[in-house]
Amino acid sequence: MKANWPRVAVSGICDTIIDCINKTAPSSNDPTSFKMIRTTNVRDGYVKLDKVRYVTEEIYEKWTRRGRPQRGDVLLTREAPLGEIGLLRSTDNVFLGQRLVMYRANRKLLDNRYLMYSLMGDELQGQIRSLGSGSTVEHMRVPDCEKLEIPLPTLAIQRKIAAILSTYDDLIENNIRRIAILEEMAQAIYREWVVKFRFPGFENVKLVNSPLGQIPEGWECSQVSEVFETLGGGTPSKKVEEYWTGGQIPWFAPSDLTKSGNMYSATSGTRITDVGLKKSSAKMFPAYSVMLTSRATIGVLSINTVPACTNQGFITCVPNDRVSALEIFFWLREQTQKILNVATGATFKEITKGNFRKFQFLLPPTNVSEQFNKIVGPIGKDIEILIQKQQNLRTTRDLLLPKLISGKLDVEDLDIDSGIAAEELLEATV
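Computed from a predicted model, the values in this text were never measured in an experiment.

Peer 1: Got a minute to help me understand the overall build of the chain in this structure?
Peer 2: Assigned secondary structure in the chain consists of 13 helices and 23 strands. In terms of overall dimensions, the chain is globule-like: its C-alpha atoms have a radius of gyration of 24 Å, near the 22 Å expected for 430 residues. Across the 430 residues that make up the chain, the buried fraction comes to 49%. Put simply, of all contacts in the chain between residues at least 6 apart along the chain, 75% involve residues at least 24 apart.

In structure tokens, the structure reads:
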């Protein structure tokens, strides 16, 4: 049964609610000690600071005059996209970029993690959507961000709910770290063997000239079009219901890749029907192909683990007996800057299939490729398994979350160690 907890506006239980200055801060990719949080950094309960923009100390001081985000603050994206939530777990010098709102809980009334999970739940997400507006880009006004109402049990119950859900997030975060280490390991092997030419037995192989400069003798330098197949995508008409309703074919959009950030993808946000596939320029490709986003956000990669298709914002690389998905994937990682450099377009940047197919691909001899795949293949499989475990944990957490936040699952009598201060619990999750 749903608990009869009072509903309280966040403005009454937060010490601070602030938004960004209403203009873009001058920033760069050159690292400093001062970081700008953008909407892309806020996802699924976390504020990721690995891909940020940097500013000078002077800009930081100016842009934080309303208040400086602190560890434990909760962030909400109010546009592009609307409704993503993240808890700031870092003590770095950060400030809010555009379209972000920060909540600082009154710790005598509100557990900051309970606030985060409440905002992530279906009920609050519904409130956020109902307060959002805009026909082109859905957004939420700052004053409306203060009107959101959350169910408010006792602080002890808040902490128990937060402790349960945080257990899942801790496991998810551990998997994310393990995946990152394994990806870095595999990429390092590729770079050592195929970029630096320090493959087994390289000492006995002389270098020869090629379109890419000097390469080991016996290695082949060919255009992509001669090495593996590349496919584009398409979008069935959104006006025809039978193209979409009940669809079973995974149909990837670039946002699926940018949101998940995973090396392997088993599911897409949208599926199309067989008729939708036939009536569009979308093309099915086999499992373990490599999807590359080719417009707007360019250069995001993922390997599909089931047969799938994409919209037109992709170039999909299909491996074959001579070149594996892993070789293509890690080669593309090394080509990121080149891909960005050749992208063109006035409205949005795009790399065309024609230009991509002209890229030079360096193909090692068969024995070197076989050795590489023998070593890196098991690493890739471990990554795939960890991603699946991570998704299972997230699914379980998401099933529990609304039941806990609504009080349908009663935690009052559960023996959960939640009596320590919220700051200490937060410390344990780092």
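Peer 1: Explain the state of the cysteines here, please?
Peer 2: Simply put, disulfide is the name for a covalent bond between the sulfur atoms of two cysteines. With the rule as written, the count across this model stands at 0 disulfides. No disulfide involves Cys-20; its sulfur sits 11 Å from the nearest other cysteine sulfur, which is in Cys-145. On the accessibility criterion, Cys-145 (0% relative accessible area) is buried.

Peer 1: How do you make sense of the environment of Arg-99 when you look at a structure like this?
Peer 2: When you line up the elements, Arg-99 lands in the loop between strand E9 (93-96) and strand E10 (100-105). For Arg-99, a relative accessible area of 28% puts it in the partly exposed group. C-alpha separation for the pair Arg-99 and Ala-180, spaced 81 residues apart in sequence, amounts to 29 Å. Contact partners of Arg-99, with chain neighbours within four places excluded, come to Cys-20, Thr-39, Leu-76, Thr-77, Arg-78, Glu-79 and Ala-80.

Peer 1: Just checking my understanding: could you explain the pattern of salt bridges for this structure?
Peer 2: Pairing between side chains becomes possible if they bear opposite charge and their charged atoms approach one another. Under the counting rule described, the total for this entry stands at 22 salt bridges. Glu-173 serves as the salt-bridge partner of Arg-177, at 3.9 Å between the closest nitrogen and oxygen. With Arg-177 and Glu-173 both in helix H5 (residues 155-195) and 4 residues apart, the pair spans about one turn of that helix. Between Glu-183 and Arg-333 there is a salt bridge, with the nearest N and O atoms lying 2.7 Å from each other. Of this pair, Glu-183 sits in helix H5 while Arg-333 sits in helix H9 (residues 325-334), and the two are 150 residues apart along the sequence. Classification of Glu-183 as buried rests on a relative accessible area of 13%. Judged by relative accessible area, which is 31%, Arg-333 ranks as partly exposed. Three or more residues are tied together by salt bridges with common partners; here these are Asp-44, Asp-169, Arg-394, Arg-397 and Asp-398.

Peer 1: Sorry if this is basic, but what is going on with the sheet that holds strand E15 (residues 229-231) here?
Peer 2: One key point about sheets: their strands pair by backbone hydrogen bonds, in either a parallel or an antiparallel sense. With mixed pairing, 5 strands are arranged side by side in an open sheet as E15-E22-E19-E20-E17. A single partner strand is all that each edge strand has here, and the edge strands are E15 and strand E17 (264-265). Along the sheet, H9 contacts E17, strand E19 (290-293), strand E20 (301-304) and strand E22 (314-318); its crossing angle with E20, the most-contacted strand, is approximately 170°.

Peer 1: What's the story with the side chain of Arg-397 in this structure? I'm lost.
Peer 2: Looking at the element boundaries, Arg-397 is found in helix H12 (residues 366-406). Looking at Arg-397, its side chain comes within polar contact range of the side chain of Asp-398, at 2.9 Å. Leaving out residues up to four positions away in the same chain, Arg-397 has contacts with Asp-44, Met-120, Leu-165, Tyr-168, Asp-169 and Ile-172.

Peer 1: Is there a simple way to think about empty space enclosed by the protein in this case?
Peer 2: If a probe as big as a water molecule is rolled over the atoms, it shows which places are left empty. Under the criterion given, the structure shown has 3 cavities of 30 Å³ or more. For the largest cavity, the calculated volume is near 60 Å³. Every residue along the wall of the largest cavity is listed here: Tyr-190, Trp-193, Val-194, Glu-327, Phe-361, Leu-362, Pro-364, Val-368, Ser-369 and Phe-372. Of all the secondary-structure elements, those providing two or more residues to the lining of the largest cavity are H5, strand E23 (360-363) and H12. Per-class residue counts for the lining of the largest cavity are 8 nonpolar, 1 polar and 1 charged.

Peer 1: What's the story with the environment of Thr-154 in this structure? I'm lost.
Peer 2: Along the chain, the position of Thr-154 falls in the loop between strand E11 (149-151) and H5. With a relative accessible area of 48%, Thr-154 lands in the partly exposed category.

Peer 1: Help me understand unusual backbone geometry in this model?
Peer 2: Negative phi characterises most residues that are not glycine, and trans characterises most peptide bonds. Positioned with a positive phi, Arg-99 is a non-glycine residue whose angle comes to about 70°. At Tyr-288, a residue that is not glycine, the phi angle is positive and equals roughly 65°. Within the element layout of this structure, Tyr-288 appears in the loop between helix H8 (274-278) and E19. On the accessibility criterion, Tyr-288 (31% relative accessible area) is partly exposed.

Peer 1: Looking at this model, I keep getting lost on the packing of aromatic side chains. Mind explaining?
Peer 2: Remark: the centre distance and the inter-plane angle together describe each pair of aromatic rings, the angle taken between the planes. Tallying each qualifying case throughout the model produces 16 aromatic pairs. Measuring from centroid to centroid gives 5.2 Å for Phe-329 and Phe-330, while their planes differ by 85°, and the two rings are edge-to-face. The class of Phe-329 is buried, set by a relative accessible area of 1%. One aromatic cluster is present, formed by Tyr-190, Trp-193, Phe-329, Phe-330 and Phe-372 through successive ring pairs. One residue, Lys-238, lies across the ring of Trp-244, its end atom 5.2 Å from the ring centre. Lying across the ring of Phe-359, Lys-338 places its NZ or CZ 4.4 Å from the centre.

Peer 1: How should I be thinking about the sheet that holds strand E2 (residues 14-19) in this particular structure?
Peer 2: Strand order in the open sheet formed by 6 strands is E2-E10-E7-E8-E5-E4, and the pairing between neighbours is mixed. Strand pairing shows two members of the sheet lacking a second neighbour, E2 and strand E4 (42-43), which therefore form its edges. Bridge count for strand E7 (residues 74-78) against strand E8 (residues 82-87) is 4 bridges, and the pairing is antiparallel. Counted as the bridge partner of Leu-75 is Gly-86 from E8. Packing of helix H2 (residues 112-120) onto the sheet brings it into contact with E2, strand E5 (45-47), E7, E8 and E10, and relative to E8 it is tilted by some 155°.

Here is what the cut-offs are and how they apply
- Residues numbered from 1 in each chain as written.
- Predicted model: local features only at pLDDT ≥ 70, side-chain atom pairs only at ≥ 80, totals over all residues.
- Heavy atoms only, no water.
- Helix = DSSP H or I, 4+ residues; strand = E, 2+ residues; numbered from the N terminus.
- Rg over C-alpha atoms; globule rule 2.2 N^0.38 Å.
- Buried < 20%, exposed > 50% of the residue type's maximum accessible area, 1.4 Å probe, protein only.
- Contact = heavy atoms within 4.5 Å.
- Disulfide = S-S within 2.5 Å.
- Salt bridge = Lys/Arg side-chain N within 4 Å of Asp/Glu carboxyl O.
- Pairing = 2+ DSSP bridges.
- Axes fitted to C-alpha atoms, helices over the stretch in contact; angles between N-to-C directions.
- Polar contact = N/O pair within 3.5 Å; in protein donor to acceptor, adjacent residues only side chain to side chain.
- 1 Å grid on protein atoms, 1.4 Å probe; cavity = no way out; pocket = protein on both sides within 12 Å on 5 of 7 lines; lining within 4 Å.
- Points joined across faces, edges and corners; volume = space filled by probe spheres on them.
- Nonpolar A, V, L, I, M, F, W, Y, C, P; charged D, E, K, R; others polar.
- Phe/Tyr/Trp six-rings, centres within 6.5 Å; stacked < 30°, edge-to-face > 60°.
- Lys NZ or Arg CZ within 6 Å of the ring centre and 35° of its normal.

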